[in-house]
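A closer look at the structure
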Amino acid sequence: FFFQAEDGIRDFCLSRGLGDVYKRQYQRRVHGDKFSKNRLGMAETKSPVDVVTLEDKRRGFTIDSMKMTNFETGEVLWETNECQKFLEGGQEIRAEIPKKLLECKAVGREIVFSSVHSIKKLSLVQQVYLQGAELEAFRFRFGFVIPNSTNNWQQVITAEDVVLPAEILSGNTVVETTFYDDENVLCLSLIHI
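Residues numbered from 1 in each chain as written. Predicted model: local features only at pLDDT ≥ 70, side-chain atom pairs only at ≥ 80, totals over all residues. Heavy atoms only, no water.

**Topic: the pattern of salt bridges**
Scanning all chains against the criterion turns up 7 salt bridges. A salt bridge links Asp-181 to Lys-57, with the shortest nitrogen-to-oxygen separation between them at 2.7 Å. Placement of Asp-181 in strand 12 (residues 173-181) and of Lys-57 in helix 2 (residues 54-60) is noted, with a sequence separation of 124 residues between them. Note on accessibility: Asp-181 and Lys-57 belong to one class, buried. The partner of Lys-67 in a salt bridge is Glu-110, with the nearest N and O atoms 3.6 Å apart. One end of the pair, Lys-67, is in strand 5 (residues 61-70); the other, Glu-110, is in strand 8 (residues 106-115), with 43 residues separating them in the sequence. Taking relative accessible area as the criterion, Glu-110 reaches 15% and is therefore assigned buried. (Salt bridge = Lys/Arg side-chain N within 4 Å of Asp/Glu carboxyl O. Helix = DSSP H or I, 4+ residues; strand = E, 2+ residues; numbered from the N terminus. Buried < 20%, exposed > 50% of the residue type's maximum accessible area, 1.4 Å probe, protein only.)

Here is the structure:
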């Protein structure tokens with residue numbers, strides 16, 4: 001005599017609660033070629049396949065594209081799909097940003113990124129330096145990233161009344177972008193404009 005319940009099949013013996021039902025069920029997981037069987041409710045030991053290190057997360061995190069647009073018109077003023085070079089070795093990369101960007105009242109920035117592994121607390125810190133002095137800093141908390149997903153981060157920047165001329169900014173500006181998983185650095189890019 002069996003009862004069908006939402007939580008599984010209950011047999012004839014009286015149950016004192018869901019815990020009794022689950023204690024009699026088995027969980028099966030496949031780890032590589034190994035087959036492990038653990039009872040639910042017991043401490044599960046993690047196999048080496050389950051453990052994702054910070055280095056694994058770093059290798060599995062990629063920046064797929066970046067672009068800057070005139071937010072009012074949607075015109076793309078700068079973009080690149082060759083972003084991994086920005087992350088390799090923490091070296092400064094030169095980027096040619098058009099002078100036309102400074103004429104925009106609002107600029108849209110977008111970064112598209114992918115992650116093989118889940119990330120619990122993804123955040124991005126972007127700092128802009130002029131001749132070594134910090135001009136501005138942004139912190140964006142993205143939150144949880146689903147494994148094997150592609151995501152984007154977008155921001156709109158509105159111009160101040162006074163914009164520094166291109167002659168001062170050109171060659172003297174460095175944009176440092178750091179991605180974090182909680183407090184751990186996933187990657188860092190330095191773009192010299």
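So, next bit.
**Describing the sheet that holds strand 5**
Taken together, 4 strands build an open sheet; the order of strands is 6-5-8-11 and the sheet is antiparallel. Looking at which strands have only one partner, the edges of the open sheet turn out to be strand 6 (76-80) and strand 11 (149-158). In this sheet, adjacent strand axes meet at a mean angle of 15° when their direction is disregarded. Summarising the sheet, strand 8 and strand 11 pair through 10 bridges and their orientation is antiparallel. Each bridged residue has a counterpart across the sheet, and for Ala-106 the counterpart in strand 11 is Thr-158. (Pairing = 2+ DSSP bridges. Axes fitted to C-alpha atoms, helices over the stretch in contact; angles between N-to-C directions.)

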